[in-house]
Amino acid sequence: MKKLIVYYSLEGNTELIAGKILKYLEADVIRLIPKKEYPKGNFKKYIWGGRSATFGEKPKLEDYSFVAEDYDVIIIGTPIWAGTFAPPIKTFLADNKISGKDIYLYTCGAGDATDKFFDKYKSVLKDNQIVDTISFVEPLKNKISNIDEKIKEFCEKIKHI
Ligand SMILES: Cc1cc2nc3c(=O)[nH]c(=O)nc-3n(C[C@H](O)[C@H](O)[C@H](O)COP(=O)(O)O)c2cc1C
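- Looking at an unreviewed UniProt entry, one finds the protein chain named Flavodoxin and attributed to [Clostridium] fimetarium.

Shown next, in the form of structure tokens:
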């Protein structure tokens, strides 16, 4: 089964997890990059990014190559922004008809993703099977000792479907 990891990451946490997933399973990778990237590292990111997420913006993305039929399994990674998935993910899901896939969702947030977060996320992917979800709390900052174990476990499930 061919797998894809598609993710957005402003400050590297979601990217770090994508890299760790790749240690445990083979997958193609798409990193979504907005044509106009959000500001990093200061309060501006919360104003601009928070507003963008709250208003449901779909920022234009740099070109990427995605053929839905090529994949059975899609792993989608996003930071949590204003309680929802980051706008570049919204663009990706709006621009591509994704249905009938086994979907695995992972998030990075200042806190763990809530059920409400995942419900919202799952509703836009309703034509697919959401097999598993997992969340991480700012892994770049928090050196969680069992992070690799947690990712390995997540990947084992993906490998054995
Ligand atoms: C605009 C913005 C809004 C955010 N909103 C939330 C939030 O609602 N809940 C949360 O837990 N973390 C929130 N965060 C924190 C990020 O989700 C967290 O730092 C994440 O690990 C960043 O991932 P990245 O490094 O891949 O960009 C927000 C960050 C930004 C920039």
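## Observations concerning the environment of phenylalanine 43
Point 1. Mapped onto the elements of the fold, phenylalanine 43 is located in helix H2 (residues 43-54).
Point 2. The class for phenylalanine 43 is exposed, based on a relative accessible area of 59%.
Point 3. For the pair phenylalanine 43 and valine 73, spaced 30 residues apart in sequence, the C-alpha to C-alpha distance is 36 Å.

## Digging into the site of the ligand
Point 1. Near the ligand there are 20 residues, and of these Ser9, Asn13, Thr14, Ile80 and Glu138 occur at the shortest range.
Point 2. With respect to the ligand, the backbone of isoleucine 80 contributes an N or O atom lying 2.7 Å from an oxygen atom.
Point 3. At 2.9 Å from an oxygen atom of the ligand is found a main-chain nitrogen or oxygen belonging to glycine 83.
Point 4. Considered on its own, the ligand offers 650 Å² of accessible surface; in the complex 86% of this is hidden by protein.

## What about helix H5 (residues 147-159)?
Point 1. With 13 residues, H5 should reach 18 Å at 1.5 Å per residue; the first-to-last C-alpha distance of 18 Å fits that figure.
Point 2. Residues Ile147, Ile151, Phe154, Cys155 and Ile158 constitute the buried set of H5. Viewed along the axis of H5, the buried residues span an arc of 95°, placing them on a single side of the element.
Point 3. Residues of H5 that are buried in the fold lie against strand E1 (3-7), helix H1 (13-24), strand E3 (73-81), strand E5 (102-109) and strand E6 (129-137).

## What about the packing of H1 against H5?
Point 1. Between H1 and H5, whose axes approach to 9 Å, the crossing angle comes to 55°. One finds that H1 runs oblique with respect to H5. Classified by chirality, the crossing of H5 by H1 is right-handed. Along the contact surface, H1 presents Ile17, Lys20, Ile21, Lys23 and Tyr24, while H5 presents Ile147, Asp148, Ile151, Lys152, Phe154, Cys155 and Lys159.

Conventions and cut-offs
- Residues numbered from 1 in each chain as written.
- Predicted model: local features only at pLDDT ≥ 70, side-chain atom pairs only at ≥ 80, totals over all residues.
- Heavy atoms only, no water.
- Helix = DSSP H or I, 4+ residues; strand = E, 2+ residues; numbered from the N terminus.
- Buried < 20%, exposed > 50% of the residue type's maximum accessible area, 1.4 Å probe, protein only.
- Near = heavy atom within 4 Å.
- Polar contact = N/O pair within 3.5 Å; in protein donor to acceptor, adjacent residues only side chain to side chain.
- Areas by Shrake-Rupley, 256 points an atom, 1.4 Å probe, with all protein chains shown as cover.
- Expected span 1.5 Å × (residues − 1).
- Arc of directions from axis to C-beta.
- Contact = heavy atoms within 4.5 Å.
- Axes fitted to C-alpha atoms, helices over the stretch in contact; angles between N-to-C directions.
- Parallel < 35°, antiparallel > 145°, perpendicular 65-115°, else oblique.
- Left-handed = near helix turned anticlockwise from the far one by under 90°.

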